[in-house]
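# Residue-level structural notes
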Amino acid sequence: MKDMIQHMVVGCSLAVIAGCSAIEKTDSFTLTADLPPNFAYVATVYYKPAVGQTCTVPAKENKADVFNREWRTEYQPNSQIKLYQTVNGCLLALSSIGLDINATYGKDRGDFGGDFGAILVGQRPNERYRGTFNASGESEFFGECQWLFRTIGPRRYITKLLDCRNTDAQDVPFGPKPLVTYTLDELAHKTVRLKIKLVEEEKPSIGDTWVKVPGGWKRCMGENFEDGYAFCYGNHKNFSTFRMPDGRSCTIYPGCTENLEAKP
């Protein structure tokens, strides 16, 4: 019995967390996400030398795993995140996960937008963003995303930016980006779920460039089509056409209810 206790003490002294009795170096948890259509996440997992370790590794080697790197073609909602990695003989513990939240709005490769979120792991989690687990071992954190549109180039093609922010379970915004924090010892064999909702209405990404009209938005002309900013400056009568991502020429966004011509 004494030998067994000594073995446990030695094992805990080499582990990376307080209260290490239930944690093993092979433990992991499942990261998953409920996202709107045409959305995907990319998870970049970062580690740092475990508590009690005197070794160091170059910063570039702390990034041990990237999930859904090919998110357009090989997206998988579930990612198995290891709590520990060993690099060059140095025991590393999970410290954070960077989340790229990507979404497509057209068929061309450039027709996408993205924003970010994060999962932070530490001994003293930020209580404002503290994650909790239910009896089934699942924890959820939330966010909402909205498309912001603008035009680019002399033909005024529509392009979009994705803006995501943190919310609570009732969709009430708080904090800038989707974020949750945990301690390392509570993650083993659990599931963390990111839940994102898409705001139905889009809005201009730059103020005083579009005018709200029945059915959508009209683009202010500015000085001419070469005017890259084309602010309205109170002129709500002189509007321009613009090009949808699929090439259509329109006067009202997003419905393009006044279709002037079809372009391939």
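My aim in this report is to walk through the structure given alongside it, one point at a time. Given the structure is predicted, the values throughout are model-derived calculations rather than measurements.

Parameters and conventions
- Residues numbered from 1 in each chain as written.
- Predicted model: local features only at pLDDT ≥ 70, side-chain atom pairs only at ≥ 80, totals over all residues.
- Heavy atoms only, no water.
- Helix = DSSP H or I, 4+ residues; strand = E, 2+ residues; numbered from the N terminus.
- Buried < 20%, exposed > 50% of the residue type's maximum accessible area, 1.4 Å probe, protein only.
- 1 Å grid on protein atoms, 1.4 Å probe; cavity = no way out; pocket = protein on both sides within 12 Å on 5 of 7 lines; lining within 4 Å.
- Points joined across faces, edges and corners; volume = space filled by probe spheres on them.
- Nonpolar A, V, L, I, M, F, W, Y, C, P; charged D, E, K, R; others polar.
- Contact = heavy atoms within 4.5 Å.
- Phe/Tyr/Trp six-rings, centres within 6.5 Å; stacked < 30°, edge-to-face > 60°.
- Lys NZ or Arg CZ within 6 Å of the ring centre and 35° of its normal.
- Pairing = 2+ DSSP bridges.
- Disulfide = S-S within 2.5 Å.
- Core = buried A, V, L, I, M, F, W, Y, C linked by side-chain atoms within 4.5 Å.

## Regarding the environment of Ser-249
Positionally, Ser-249 belongs in strand 17 (residues 249-250). Classification of Ser-249 as buried rests on a relative accessible area of 4%. When the C-alpha positions of Ser-249 and Arg-156 are compared, they lie 9.5 Å apart, and in sequence the two are 93 residues distant.

## Let's talk about empty space enclosed by the protein
Summed over all chains, the structure comprises 1 cavity of 30 Å³ or more. Looking at the largest cavity, its volume works out to about 70 Å³. Among the residues making up the lining of the largest cavity, the classes are represented as 3 nonpolar, 3 polar and 2 charged.

## Regarding the side chain of Glu-186
Checked against the element boundaries, Glu-186 lands in the loop between strand 10 (179-182) and strand 11 (191-198). When near neighbours in sequence (up to four residues on either side) are disregarded, Glu-186 contacts Arg-130 and Phe-133.

## Brief notes about the packing of aromatic side chains
One pass over the structure, following the stated rule, counts 13 aromatic pairs. Considering the side-chain rings of Tyr-41 and Tyr-75, the 5.8 Å spacing of their centres and the 90° angle between planes classify their relative orientation as edge-to-face. Of this pair, Tyr-41 sits in strand 2 (residues 39-49) while Tyr-75 sits in the loop between helix 2 (71-74) and strand 4 (79-82), placing them 34 residues apart in sequence. For Tyr-75, a relative accessible area of 23% gives the class partly exposed. Taking 6.2 Å as the distance between ring centres and 70° as the angle between the ring planes, the aromatic pair formed by Phe-242 and Tyr-253 counts as edge-to-face. With Phe-242 in strand 16 (residues 242-243) and Tyr-253 in strand 18 (residues 253-254), this pair connects stretches of sequence that are 11 residues apart. Of note, Lys-177 hangs over the ring of Phe-116, and the distance from its end group to the ring centre comes to 5.6 Å.

## A few points about the pairing of strand 4
Covered by surrounding structure in strand 4 are Ser-79 and Ile-81 only, the residues Gln-80 and Lys-82 on the alternate face being uncovered. Two strands pair when backbone bridges link them, and strand 1 (residues 28-34) and strand 4 are joined in this way by 4 bridges, in the antiparallel orientation. Bridging across to strand 4, Phe-29 finds its partner in Ile-81.

## Focus: the state of the cysteines
A full pass over the atoms with the stated rule returns 4 disulfides. Residue pairing for Cys-145: its cysteine sulfur links by disulfide to Cys-164, the two sulfurs lying 2.0 Å apart. An S-S torsion of about 105° defines the bridge between Cys-145 and Cys-164 as right-handed. Of this pair, Cys-145 sits in strand 8 (residues 138-152) while Cys-164 sits in strand 9 (residues 157-167), placing them 19 residues apart in sequence. Two residues, Cys-220 and Cys-232, share a disulfide whose sulfurs are 1.9 Å apart. Judged by the torsion about the S-S bond (90°), the Cys-220/Cys-232 disulfide is right-handed. Of this pair, Cys-220 sits in strand 14 (residues 216-220) while Cys-232 is found in the loop between strand 14 and strand 15 (239-240), placing the two residues 12 residues apart along the sequence. There is no split in this pair, since Cys-220 and Cys-232 are both buried.

## Structural notes on the pairing of strand 9
Sheet topology places strand 8 next to strand 9; 11 bridges connect them, and they run antiparallel. Bridge assignment links Glu-144 to a residue of strand 9, and that residue is Arg-165. Linking strand 8 back to strand 9 in an antiparallel pair, the connection comprises 4 residues, with Gly-153 at a positive phi of about 80°.

## Details of the nonpolar core
Residues Phe-29, Leu-31, Ile-81, Leu-94, Ile-97, Leu-99 and Ile-119 are the most contacted members of the largest nonpolar core, which totals 40 residues. It is strand 6 (residues 90-104) that contributes the most residues to this core, 9 residues altogether. Leave out the neighbours within four places in its chain, and Ile-81 touches Ser-28, Phe-29, Leu-31, Val-45, Tyr-47, Phe-67, Leu-94 and Ile-97. Core analysis: the next-biggest nonpolar cluster, separate from the first, contains 9 residues, Phe-149, Trp-210, Cys-250 and Cys-256 among them.

## A look at unusual backbone geometry
Note that the residue after Tyr-253, namely Pro-254, is joined by a cis bond; omega there is 10°. Its place among the elements puts Pro-254 in strand 18. Here the phi dihedral of Arg-156 falls at roughly 55°; this positive angle occurs in a residue that is not glycine. In this structure, Arg-156 sits in the loop between strand 8 and strand 9. A relative accessible area of 1% means that Arg-156 is categorised as buried. Even without being glycine, Asp-171 reaches a positive phi, approximately 70°. Tracing the chain through its elements places Asp-171 in the loop between strand 9 and strand 10.

Treat this as a map of the structure, not an account of what it does.
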